[in-house]
Amino acid sequence: MTSLQLGAKEEMVEKFLDAAARGDLTLVSTLLSHVPSLINQKGDSGWTGLMLAARNGHFGVVEALLSQGCDKFLVNSSSQTAYDISKFWGHRNISNLLSRTDEGCQRVLPGSDLHQQENYFSREMLDRLSGKRADKVWMEAKRSDPGTVYLLFSNLNPMISSSKEDEDNRVESRLCRFRFEAVKDLLQKPQTLVIFLGVEKRKTPFSSSSSSSSPLQTEEVTQEPPAWFAISTDEDAAELLKRCREKHSCFPKLPHRDLLKLSEEEAGVVAQARSVLAWHSRYSFCPTCGSSTKMEEGGYKRRCLNSDCRSLKGVHNTCYPRVDPVVIMLVIHPDGNQCLLGRKKIFPTGLFSCLAGFVEPGESMEEAVRREVEEESGVKVGPVSYVSCQPWPMPSSLMIGCLAVAISTDIKVDENEIEDASWFTRQQVTETLLKGPRPALTIPPRQTIAHQLIRHWIGMNSNL
Ligand SMILES: NC(=O)C1=CN([C@@H]2O[C@H](COP(=O)(O)OP(=O)(O)OC[C@H]3O[C@@H](n4cnc5c(N)ncnc54)[C@H](O)[C@@H]3O)[C@@H](O)[C@H]2O)C=CC1
Ligand SMILES: [Mg+2]
Ligand SMILES: [Mg+2]
Ligand SMILES: [Mg+2]
Ligand SMILES: [Zn+2]
């Protein structure tokens, strides 16, 4: 390159950086369309166009540079990224934007996938606001707020209403939602349990995929989003149903089946409420001394009423809702082309699922996978890798979903735990997933993590 060409290039870089620093979006875009490599160029100061735009609060330029693939992880001579700079200079809308993109997470945690498998029961439509649980004044105000949403539970099941959804007669259920006035009497009864679930998550302009250069709308931030509570009462279920104006309302009889008909959002709320309510129903007495306990902190704590109890000194997990970790695994044959599925006696004919088992104290997830598979099927397992997890509110498990590779293949079933286990080929499983005419087996429905693990394995090598 001649010194003349070098000078022209430097001049171009300086022109580009100056435009970015001034927020001249038109010039930035024009220069980039002619010389795309300008996008990550540093000037004499060691700053890129993105850093300069972030320094001076030019949201539109930052947005345009990001959309054109600019590297936001470059650092200046003080090791600051554009994000650090925007944060330091108080441009919150820009720092929010810079901390957000998916590709950023890939960079921080290689191999991570922000669009990770989201399982049924795991969607969080509420912000749990755990910091507010001990705030009695705030909680009291929320309880009587006319915008607050109440869900009614009887025997751990929520009141739902059902409608026929499509030609296949697939039923979709919705949670029955009540306002304060409709449940005021229940709230006053001493036997009623009231659990604070959270407040509705607010959608900020930056949480949507359509990016906007406008700052947060003031009316959106001033109005508090509705709070949600779950009420559990031992009143007669038929009497409770009379409160609902919707036609086909009921309390599900078979939660394993009926709670799978909710929307993803509502299923997430039910997972939270049902597990907490189940904990209260099982822990009325103190596990440490056997005395009575009382509920606190919006339903997230039980305090022993015996003032001498050890559980009142320090922090004790017996006072908080319990979660049981369970490993659930799809074991892959060493040939890579078959998977191990088993069935319990209680399963409908032909149904096979992933093996699963409770994690024991002092056991890692990987060891629990190896132990449970060997106990139940006699198959030895080598490498284990985590895929995704699922809260399973029957009553309070966390299903930790894994893929594992077998290092032995002979099956010897433990008949106390499962009735049968077998290797199924990729083709057999694919036919089942594609609802072929004569599938060799059936698998659990899509709402279960077992189904998702099977689909994940098949999808790893195909476009299913
Ligand atoms: N969402 C899904 O796709 C699936 C969920 N599951 C759930 O996983 C859970 C565990 O699977 P299993 O094969 O039954 O486990 P498992 O293979 O460990 O056997 C269950 C036995 O373990 C003992 N046990 C140990 N810790 C326990 C605890 N904390 N609570 C209750 N029992 C305990 C009991 O004797 C029980 O009968 C089940 O509750 C089931 O609901 C199971 C398969 C699929
Ligand atoms: Mg087992
Ligand atoms: Mg098991
Ligand atoms: Mg077990
Ligand atoms: Zn106690």
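Above this note sits the structure.
Procedures and definitions
- Position labels on residues start from 1 in each chain and follow its written sequence.
- Both sets of labels track the order of writing: A upward for chains, 1 upward for ligands.
- Restriction of local features to residues with pLDDT of at least 70 applies here, the model being predicted, together with a cutoff of 80 or more for giving and counting side-chain atom pairs; totals for whole chains, interfaces and linings are based on all residues.
- In computing side-chain properties, one takes all heavy atoms of the structure into account and sets aside hydrogens as well as water.
- Between rings of Phe, Tyr and Trp, where Trp is taken as its six-membered ring, a pair exists when centres lie within 6.5 Å; planes separated by under 30 degrees are stacked, by over 60 edge-to-face, and by other angles tilted.
- Numbering of helices and strands runs from the N terminus; a helix is a DSSP stretch of H or I covering at least four residues, while a strand is a stretch of E covering at least two.
- Note on classification: 1.4 Å probe, protein chains only; a residue is buried when its accessible area is under 20% of the maximum for its type, exposed when over 50%, partly exposed between these limits.
- By the criterion adopted, a ring carries a charge over it if an Arg CZ or a Lys NZ lies within 6 Å of its centre and within 35 degrees of its normal.
- Contacts are assigned to residue pairs that have any heavy atoms within 4.5 Å of one another.

### Focus on the packing of aromatic side chains
Then, number 1: Under the definition given, this model contains 8 aromatic pairs.
Then, number 2: Measuring from centroid to centroid gives 5.5 Å for tyrosine 150 and phenylalanine 229, while their planes differ by 20°, and the two rings are stacked. With tyrosine 150 in strand S2 (residues 149–154) and phenylalanine 229 in strand S8 (residues 227–232), this pair connects stretches of sequence that are 79 residues apart.
Then, number 3: Tyrosine 150 gets classed as buried once you look at its relative accessible area, which sits at 0%.
Then, number 4: With a centroid separation of 6.1 Å and 35° between ring planes, the pair formed by tryptophan 279 and tyrosine 283 is classed as tilted.
Then, number 5: Given a relative accessible area of 27%, tyrosine 283 falls into the partly exposed group.
Then, number 6: Each member of the aromatic cluster is reached from another via a ring pair, and the members are Trp138, Tyr150, Phe196 and Phe229.
Then, number 7: When the ring centre of tryptophan 89 is taken as reference, the NZ or CZ atom of arginine 55 above it lies at 3.5 Å.
Then, number 8: Against the face of tryptophan 457 rests arginine 426, its NZ or CZ located 4.4 Å from the ring centre.

### Considering unusual backbone geometry
Then, number 1: In this structure, the amide linkage connecting methionine 394 to the following residue, proline 395, adopts the cis form with an omega of 0°.
Then, number 2: Its location among the elements puts proline 395 in the loop between strand S15 (381–392) and strand S16 (397–406).
Then, number 3: With a phi close to 40°, leucine 129 is a non-glycine residue in the positive phi region.
Then, number 4: Structurally, leucine 129 can be placed in the loop between strand S1 (126–127) and helix H8 (136–143).
Then, number 5: Look at glutamate 297: it is not a glycine, yet its phi comes out positive at around 50°.

### What to know about the environment of methionine 399
Then, number 1: Turning to its location among the elements, methionine 399 is positioned in strand S16.
Then, number 2: Other than its neighbours up to four places away in sequence, methionine 399 contacts Val326, Ile328, Ala356, Ser388, Cys389, Gln390, Trp392 and Ile449.

Read these as geometric descriptors, not functional statements.
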